[in-house]
Amino acid sequence: MKRGRSTCPINFGLEIFGDPWTLLIVRDMVFNDKRTYGDFLKSAEGIATNVLAERLQRLETAGLIEKTTQADGKPAYRLTERGLELVPVLIELIVWGAGNGKADRGLSDWAAHIEADKPAAIAAAIKAAS
């Protein structure tokens, strides 16, 4: 990975996932069981193919995901241990976003459920994404 602009931990994180797409890809891997390029293209946010390819490469270079091969021979992606470390960050973003954004009722209820027992929600999400 190339050398960052500074040694600030926040800057380091932003250089990897500080854009509108990268954490959505990780979100889809953790909470929506998406693993293939085609799966990610079906996300509601409508990521462009060139952006998706670049973000997957960025995540792979950063060691957050790895490319694998499915039983049918098609490529897929999985989170690495380092990638799974983002699950608590995603959980906090869900809770914060639902409380401060415009989440629909179902997502607000889901966030409230998560907030009620964050350790259990984190453990379940890591297990599902592993």
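Residues numbered from 1 in each chain as written. Predicted model: local features only at pLDDT ≥ 70, side-chain atom pairs only at ≥ 80, totals over all residues. Heavy atoms only, no water.

Inspection of the entire model under this criterion finds one aromatic pair. Geometrically, the ring pair formed by F31 and W110 is edge-to-face, given 5.3 Å between the ring centres and 90 degrees between the ring planes. Here the residue F31 occupies a position in helix α2 (residues 22–31), and W110 occupies one in helix α7 (residues 105–116), the gap between them amounting to 79 residues. Residue F31 is classed as partly exposed on the basis of its relative accessible area of 25%. (Phe/Tyr/Trp six-rings, centres within 6.5 Å; stacked < 30°, edge-to-face > 60°. Helix = DSSP H or I, 4+ residues; strand = E, 2+ residues; numbered from the N terminus. Buried < 20%, exposed > 50% of the residue type's maximum accessible area, 1.4 Å probe, protein only.)

All right, on to empty space enclosed by the protein then. Under the definition given, this model contains one cavity of 30 Å³ or more. Taken as a whole, the largest cavity holds about 60 Å³ of empty space. Lining the largest cavity, in full, are W21, L24, I25, R27, D28, F40, S43, E45, G46 and I47. A class-by-class count of the residues in the lining of the largest cavity yields five nonpolar, two polar and three charged. (1 Å grid on protein atoms, 1.4 Å probe; cavity = no way out; pocket = protein on both sides within 12 Å on 5 of 7 lines; lining within 4 Å. Points joined across faces, edges and corners; volume = space filled by probe spheres on them. Nonpolar A, V, L, I, M, F, W, Y, C, P; charged D, E, K, R; others polar.)

With that settled, the discussion passes to the layout of surface pockets. Computed from the structure, the largest pocket encloses a volume of approximately 560 Å³. Together, 19 residues line the largest pocket, and L24, R27, L93, I94 and G97 are the ones closest to its centre. Elements with a minimum of two residues in the lining of the largest pocket: α2, α6 (87–100) and α7. The leading source of residues in the lining of the largest pocket is α6, at five residues.

A few words on the environment of E66. Residue placement: E66 occurs in strand β1 (residues 65–69). Distance from E66 to L56, taken between C-alpha atoms, is 9.1 Å for residues 10 residues apart in sequence. Here E66 is in contact with A76, Y77, R78 and T80, once residues within four sequence places are set aside. Polar side-chain contacts of E66 include one of 2.4 Å to the side chain of R78. (Contact = heavy atoms within 4.5 Å. Polar contact = N/O pair within 3.5 Å; in protein donor to acceptor, adjacent residues only side chain to side chain.)

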